[in-house]
Amino acid sequence: MSATLTLETASKFARLVLAHVTREYPNKLDHVLNGPLDLKEPRDLHPVFFGSFDWHSCVHGYWLLATVLRLFPDIREGREIKKLFDAQLTPSKMETEVDFLDQPLRGTWERPYGWAWLLMLAGELNRHRAESAKRWNGALTPLAAAFSDRFLGFLPKATYPTRVGTHFNSAFAVALALEYAEIADDEELRKLLVTKARDWYATDSDCQAWEPAGDDFLSPALMEAECMRRVLDEDEFRPWLDRFLPRLADREPATLFKPAIVSDRSDGKIAHLDGLNLSRAWCWRSIAASWPEKDQRRAMALDAADTHLAASLPCVAGDYMGEHWLATFALLALIGRATDD
């Protein structure tokens, strides 16, 4: 791997996120108004996650900060991160976030992307051992429980997966929620996620990978493969992957090996394509570990990951349309599993 997560890079990401998680405007609110009392400022509606342009980006900004704090306890931004978490991750503020969910016509709000990222944040805080992190996690627990319950209620009704490259992608949500369920010992959720992923994807074969679309930030093909890597045992996953993407040794489908072109990073939708390059790198690195070192596909996958990283890693900052979220996907790629360790 040519690109790894260093203290310097982690510090850069932390500074980017600290600059926007409490930046209230511009702000993209997305909820049903039940009446005039719902016309409130973002900070009043979401006293914890009001920054970063939109709610889910703010949530995974907190995930990034929690992750780099764990990986680099002596990071120079650590004091500021802890101060932020002490101020924001409190029971009273979290109660307002939970109350927001309980209002009418909000059952589908942030489904499934925001649900999954909130659980990822809870899972990350579960990894921490410091007393302060236990306090933060305790404050977050009611909100995490609410989203776990929403998955439990929704997944049995979800007859079909959503196979797009944006927020509604089912495989991405399952992968993140499964990580939380395993860390937090939420066995009921874990079993349902595994069952649903098998129901949706187990018989898929010969994926054509007609991508990217113009505003993708996820690869439907690679995200499904990464989801199933997490769901299946290793002896099940390899034959499944051979059926799902049978021509990888020939670098086919070719589109999966070619980074997306980002023609205008000030356009919020087109800027998604930087996220596609970063999330493909994450998937390629993770999937590479499923093959033995002598398998040519392993080296090929790692090379594809590096190619995608080189295309978009330098672009996580510069325009707010990407800057408010891209560092998260860069971090996923840089900590993605690329060895069998």
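Being a predicted model, the structure only gives us computed values, none of them experimental.

Visitor: Tell me what's going on with the overall build of the protein chain, and back it up with residues and numbers.
Guide: Tallying secondary structure elements over the protein chain gives 15 helices and 0 strands in all. In terms of C-alpha radius of gyration, the protein chain reaches 19 Å, essentially the compact-globule figure of 20 Å for 341 residues. Taking the principal axes of its C-alpha atoms as reference, the protein chain extends roughly 55 × 45 × 40 Å. Split into buried and exposed, the 341 residues of the protein chain put 57% on the buried side.

Visitor: Can you explain the nonpolar core? Please cite residues and give values.
Guide: Judged by nonpolar contacts, the single largest core of 116 residues is most densely connected at Phe49, Phe85, Trp117, Leu118, Leu121, Leu143 and Phe329. If we skip the residues at most four places from it in the chain, Leu118 touches Phe49, Trp55, Val59, Leu140, Leu143, Ala144 and Phe147.

Visitor: Please give an account of the layout of surface pockets that cites residues and values.
Guide: Taken as a whole, the largest pocket spans an internal volume of roughly 650 Å³. Here the lining of the largest pocket is composed, by residue class, of 14 nonpolar, 12 polar and 6 charged.

Visitor: Tell me about the packing of helix 6 (residues 113–127) against helix 8 (residues 170–183), and name the residues and values.
Guide: At their nearest, the axes of helix 6 and helix 8 sit 8 Å apart, and the two run at 30° to each other. On the basis of the axis angle, helix 6 is roughly parallel to helix 8. As for the relative orientation of helix 6 and helix 8, their crossing is left-handed in sense. Residues Tyr113, Ala116, Trp117, Leu119, Met120, Ala122, Gly123, Asn126 and Arg127 of helix 6 touch helix 8, and the partners they reach there are Phe172, Ala173, Leu176, Ala177, Glu179, Tyr180 and Ile183.

Visitor: Please give an account of helix 13 (residues 296–312) that cites residues and values.
Guide: An ideal rise of 1.5 Å per residue puts 24 Å on 17 residues; helix 13 measures up with 25 Å between its terminal C-alpha atoms. Those residues of helix 13 that fall on the buried side of the exposure criterion are Arg297, Arg298, Met300, Ala301, Leu302, Ala304, Ala305, Asp306, His308, Leu309 and Ser312. Along its buried surface, helix 13 packs onto helix 11 (234–244), helix 12 (272–288) and helix 15 (326–335).

Visitor: Outline the side chain of Glu224, listing residues and values.
Guide: Along the chain, the position of Glu224 falls in helix 10 (residues 220–231). Judged by its relative accessible area of 4%, Glu224 is buried. Those residues in contact with Glu224 that sit more than four places away from it in its chain are Arg163, Ala171, Tyr201, Asp204, Ser219, Trp240 and Phe244.

Visitor: Give a description of the environment of Ser219 that names residues and reports values.
Guide: Along the polypeptide, Ser219 turns up in the loop between helix 9 (187–201) and helix 10. Classification of Ser219 by relative accessible area gives buried; the value is 2%. In contact with Ser219, not counting residues within four places along its chain, are Glu211, Glu224, Leu256, Leu276, Ser279 and Arg280.

About the thresholds
- Counting from 1, residues in each chain are numbered in the order their sequence is written.
- At least 70 in pLDDT is required for a residue's local features to be given in this predicted model, at least 80 for side-chain atom pairs to be given and counted, and no such filter applies to totals for whole chains, interfaces and linings, which use all residues.
- Note that the side-chain values use all heavy atoms of the structure and ignore hydrogens as well as water.
- Runs of E in the DSSP output that reach at least two residues are strands. Runs of H or I that reach at least four are helices, and both are numbered from the N terminus.
- Using C-alpha atoms as the atom set, the radius of gyration is obtained and then compared with a globule rule of 2.2 Å times the number of residues to the power 0.38.
- Only protein chains enter the area calculation, which uses a 1.4 Å probe; residues under 20% of their type maximum are buried, those over 50% are exposed, and those in between are partly exposed.
- Side-chain atoms within 4.5 Å link the members of a nonpolar core, which is a set of buried Ala, Val, Leu, Ile, Met, Phe, Trp, Tyr and Cys residues.
- Between two residues, a contact is recorded if the distance between any of their heavy atoms is within 4.5 Å.
- As defined here, a cavity is a set of points on a 1 Å grid over the protein atoms alone where a 1.4 Å probe fits but cannot get out. A pocket is an open set with protein on both sides within 12 Å along at least five of seven lines, and residues line them when an atom is within 4 Å of a point.
- Grid points are joined across faces, edges and corners, and a volume is the space filled by probe spheres set on the points.
- Gly is put with the polar residues, along with every residue not named as nonpolar or charged; the nonpolar set is Ala, Val, Leu, Ile, Met, Phe, Trp, Tyr, Cys and Pro, and the charged set is Asp, Glu, Lys and Arg.
- Throughout, an axis means a line fitted to C-alpha atoms (over the contacting stretch in the case of helices), and angles, computed between N-to-C directions, take values from 0 to 180 degrees.
- By the definition adopted for this analysis, an angle is roughly parallel if under 35 degrees, roughly antiparallel if over 145, roughly perpendicular if from 65 to 115, and oblique otherwise.
- Here a crossing is taken to be left-handed if its near helix is turned anticlockwise relative to the far helix by less than a right angle, and right-handed if that turn runs clockwise.
- By this rule the span expected of a helix is its residue count minus one, scaled by 1.5 Å.

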